[in-house]
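Residues per chain, in single letters:
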Amino acid sequence: MALPACAARALGPPLQPEREAPARTTCPRRHSRVEAELAASRPGSVAASVRAGPPRGVSRGFNSQPLLHEPLKASSSLAGAARAPLFAPLARGRRRRMHDLRRRWDLGSLCRALLTRGLAALGHSLKHVLGAIFSKIFGPLASVGNMDEKSNKLLLALVMLFLFAVIVLQYVCPGTECQLLRLQAFSSPMPDPYRSEDESSARFVPRYNFSRGDLLRKVDFDIKGDDLIVFLHIQKTGGTTFGRHLVRNIQLEQPCECRVGQKKCTCHRPGKRETWLFSRFSTGWSCGLHADWTELTSCVPAVVDGKRDARLRPSRNFHYITILRDPVSRYLSEWRHVQRGATWKASLHVCDGRPPTSEELPSCYTGDDWSGCPLKEFMDCPYNLANNRQVRMLSDLTLVGCYNLSVMPEKERNQVLLESAKSNLKHMAFFGLTEFQRKTQYLFEKTFNMNFISPFTQYNTTRASSVEINEEIQKRIEGLNFLDMELYSYAKDLFLQRYQFTRQKQHQEARRKRQEQRKFLKGRFLQTHFQSQSQGQSQNPSQNQSQTPNLNANQNATQNLIPKLTQSSGQNPSPKENRESQKQDPGQEQSNGDTSNGTHDYIGSVEKWR
């Protein structure tokens, strides 16, 4: 390692060993170690100066005067060491390492001095900056007096604590969820999660008049009993997602057993080897692929209790549920599904005990499937079952002669099917809408008193939404599904009215519970107050004789008032009824006049306490 020019001039020419030095006869390593120890014991040697530590000029700080004269002292010490007979035999590599050690020590001390001075300058400037900022903020308080040293230190400590808290928060919770929580802490309270899921106005104006019985849907479903939930799955309405929720996402005492790689799950009742759910993912397509209302009502009882004797069959309640969807979106989704090769050939379409003939239900395609068909060809087929599918699958087809179109005129047939579908939908235990996932979850939970584990997700981007159609095609699709359009409008109105009715009922129930809790606390307060007063009077026998009438009055008030307060939770008599009761018992009112005067003060104190 080469030395600087100034250090080379100060040190002079390199040291050379003496020519007349005696030859070493011992081991070189041992001999060099002995010579190093002797050189270290000598006061003017280089080893002694290295062992003593860094020069004194470095420890005094950077740019100090003794540091400039330090090379002269080093050169004098090295000159003395050069004249020593023990230093001469040292090798050149060892002398170079000693010089490197000394140079490294000087650089380390220089870095430490620079770091100390820099931190001190940074702290001083930060102190002045913070003082200027807080003097701007707390200007009115500047007239009180300048901040002293202690206040500056306290202010700096608070700022450092705040920065440390921010760093810890970022380290503990660096994700976006915590950022949302931090933003919500300073924002308005959480909005209603059921309101903006469909991107529609929050205020709903009903179009149909439904009775209280139509809006109130509360099913006394006992999973341990014999009742059965039957899911009517209409194609391309989101029924697959809802069916998975029923078997995988619902809180049960005995959850459904779902195995990997299998679509069907085993959903048994607690303590029984009997299913409580009749759906695609629990019992499979036992009544045919996508069986409709006509097929399910005649097939489900036979499938569930077919192996039992008629006298041993339990009296079951079959609770039918389904999911509906906007007709245009459902129609486009079914067309895309048919384009990928779906045919639903396994559907039985059994009605009145027989499937339809080929003349009653012709096919729209000749090959194995209808894959790759354009939208115009899909709409041009007059026998396409996608037209008004939701009305046909929810109505009773036996009322119109099943699939025989010659039984009645087309207009009359359509009207009968629509009214039958509306009636069946209204009397179902539950139905949901694909466009309102969270509301669907809420109504199902309130109807069956069963809760889901995780909330439903609203998917606004589907295969149908990716299809771009013009206004003419949309009007034609609406014309082909005019019955479904009318049914969906009716179902949406009924669905939203049921949701509003259930929410209002829930709010009223919560308000009633809060009122009962207040009345209960009020009665407990009066009771403890009277008991403490009676105990205080019993401890003073000298005052009992003079205050016996008041004590009896208070006890009578307690006996008459507390039952009324406890019973008022179930009954809230109106002021008119109170006046009639007073007219019927005038004598009792006079006899209780003293007690009522004695309790007015306590009631007033309770009102103030509230």
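Above this text is the structure in question.
Procedures and definitions
Residues numbered from 1 in each chain as written. Predicted model: local features only at pLDDT ≥ 70, side-chain atom pairs only at ≥ 80, totals over all residues. Heavy atoms only, no water. Helix = DSSP H or I, 4+ residues; strand = E, 2+ residues; numbered from the N terminus. Areas by Shrake-Rupley, 256 points an atom, 1.4 Å probe, with all protein chains shown as cover. Pairing = 2+ DSSP bridges. Contact = heavy atoms within 4.5 Å. Axes fitted to C-alpha atoms, helices over the stretch in contact; angles between N-to-C directions. Buried < 20%, exposed > 50% of the residue type's maximum accessible area, 1.4 Å probe, protein only. Disulfide = S-S within 2.5 Å. Patch = residues over 30% accessible without salt bridge, like charges linked within 9 Å, V, L, I, M, F, W, Y side chains within 5 Å. Salt bridge = Lys/Arg side-chain N within 4 Å of Asp/Glu carboxyl O. 1 Å grid on protein atoms, 1.4 Å probe; cavity = no way out; pocket = protein on both sides within 12 Å on 5 of 7 lines; lining within 4 Å. Points joined across faces, edges and corners; volume = space filled by probe spheres on them. Nonpolar A, V, L, I, M, F, W, Y, C, P; charged D, E, K, R; others polar. Parallel < 35°, antiparallel > 145°, perpendicular 65-115°, else oblique. Left-handed = near helix turned anticlockwise from the far one by under 90°.

*Asks:* Would you take a moment to explain the overall build of the protein chain for this structure?
*Replies:* Along its length, the protein chain carries 24 helices and six strands. Within the structure as shown, the protein chain displays about 39,400 Å² of accessible surface, and the carbon and sulfur contribution to it stands at 54%.

*Asks:* Help me out: how do you make sense of the sheet that holds strand β1 (residues 228-232) in this one?
*Replies:* Strand pairing in a sheet relies on backbone hydrogen bonds, with the paired strands running either antiparallel or parallel. Taken together, the four strands give an open sheet; going across it, the order is β4-β1-β5-β6, and neighbouring strands pair in parallel fashion. Sheet topology places β4 (277-278) and β6 (430-433) at the edges, where each strand pairs with a single neighbour. Both β1 and β4 contribute to a ladder of two bridges, which runs parallel. Across the sheet, Ile-229 pairs through a bridge with Leu-277, a residue of β4. Across the sheet, helix α12 (residues 293-305) touches β1, β4 and β5 (318-324), and the angle it forms with β1 is around 145 degrees. Where helix α17 (residues 437-448) meets the sheet, its contacts fall on β1, β5 and β6, and the angle it forms with β6 comes to roughly 170 degrees.

*Asks:* So what exactly am I meant to see when it comes to the pairing of β5 here?
*Replies:* Every regular strand shows the same layout, with side chains that alternate between the two sheet faces. When you tally the buried positions in β5, you get six out of seven residues, the bulk of the element. Sheet topology note: the β1/β5 ladder contains five bridges and is parallel. By the bridge assignment, Leu-228 is partnered in β5 with Phe-318. Relative to β6, β5 runs parallel, the two sharing four bridges. Note that in β6 the partner of Thr-322 across the bridge is Phe-431.

*Asks:* Where do I start with the state of the cysteines in this structure?
*Replies:* Covalent bonding between the sulfur atoms of two cysteines defines a disulfide. Under the definition given, this model contains five disulfides. Here Cys-351 engages in a disulfide with Cys-402; their sulfurs sit 1.9 Å apart. An S-S torsion of about -75 degrees defines the bridge between Cys-351 and Cys-402 as left-handed. Taken together, the residues Cys-351 in the loop between α13 (327-339) and α14 (375-380) and Cys-402 in the loop between α15 (389-394) and α16 (410-427) connect sequence positions 51 residues apart.

*Asks:* How should I be thinking about the pairing of β1 in this particular structure?
*Replies:* Most of β1 is tucked away, with five of its five residues classed as buried. Of the two faces of β1, both are covered, the one formed by Leu-228, Val-230 and Leu-232 as well as the one formed by Ile-229 and Phe-231.

*Asks:* Is there a simple way to explain a nonpolar patch on the surface in this structure?
*Replies:* On the surface, a cluster of nonpolar side chains totalling about 520 Å² of accessible area is made up of Leu-126, Leu-156, Met-160, Phe-162, Leu-163 and Val-166. Examined against the element boundaries, Leu-163 turns out to sit in helix α8 (residues 149-172).

*Asks:* How should I be thinking about the environment of Arg-498 in this particular structure?
*Replies:* Mapped onto the fold, Arg-498 is located in helix α19 (residues 482-538). With a relative accessible area of 5%, Arg-498 lands in the buried category. C-alpha separation for the pair Arg-498 and Leu-216, spaced 282 residues apart in sequence, amounts to 6.9 Å. Non-local contacts of Arg-498, meaning those with residues more than four positions away in its chain, are made with Asp-214, Leu-215, Arg-217, Lys-426, Met-428, Phe-431 and Leu-443.

*Asks:* What is the right way to read empty space enclosed by the protein from this model?
*Replies:* A water-sized probe rolled over the atoms picks out the places where empty space is left. Throughout the structure, instances matching the rule amount to four cavities of 30 Å³ or more. Reported here for the largest cavity is a volume of approximately 100 Å³. Contributing to the lining of the largest cavity are 14 residues, with Phe-231, Phe-278, Gly-284, Trp-285 and Leu-296 lying nearest its centre. A breakdown of the residues in the lining of the largest cavity according to their chemical character gives seven nonpolar, six polar and one charged.

*Asks:* Would you explain the packing of α16 against α19 in this entry?
*Replies:* Geometrically, a packed helix pair is captured by the angle between its two axes and the distance between the axes. Closest axis-to-axis distance for the α16/α19 pair is 10 Å, and the angle between their directions is 20 degrees. Our classification of the angle between α16 and α19 gives roughly parallel. The handedness of the crossing between α16 and α19 comes out as right-handed. Packed against α16, whose contacting residues are Asn-414, Leu-418, Ala-421, Lys-422, Leu-425 and Lys-426, the element α19 presents Phe-482, Leu-483, Glu-486, Leu-487, Tyr-490, Ala-491, Leu-494 and Arg-498 at the interface.

*Asks:* In this structure, what is going on with the pattern of salt bridges? I would like to understand it.
*Replies:* In total, this model carries 14 salt bridges according to the counting rule given. One salt bridge in this structure joins Arg-269 and Glu-274, with 3.8 Å as the shortest N-O distance. Residue Arg-269 shares its accessibility class with Glu-274, and that shared class is buried. As a salt-bridge pair, Lys-475 and Glu-471 come within 3.5 Å of each other at their nearest N and O atoms. Here Lys-475 pairs with Glu-471, and both are found in helix α18 (residues 471-480), just four residues apart, close to one helical turn. Taken individually, Lys-475 and Glu-471 each receive the classification exposed, so the pair is uniform in this respect.

*Asks:* Mind showing me how you'd approach the packing of α13 against α18 here?
*Replies:* Running from amino to carboxyl end, α13 crosses α18 at an angle of 95 degrees, the nearest separation of the two axes being 10 Å. The angle between α13 and α18 places the two elements in the roughly perpendicular class. On α18, the residues touching Val-328, Tyr-331 and Leu-332 of α13 are Gln-474, Ile-477, Glu-478 and Leu-480.

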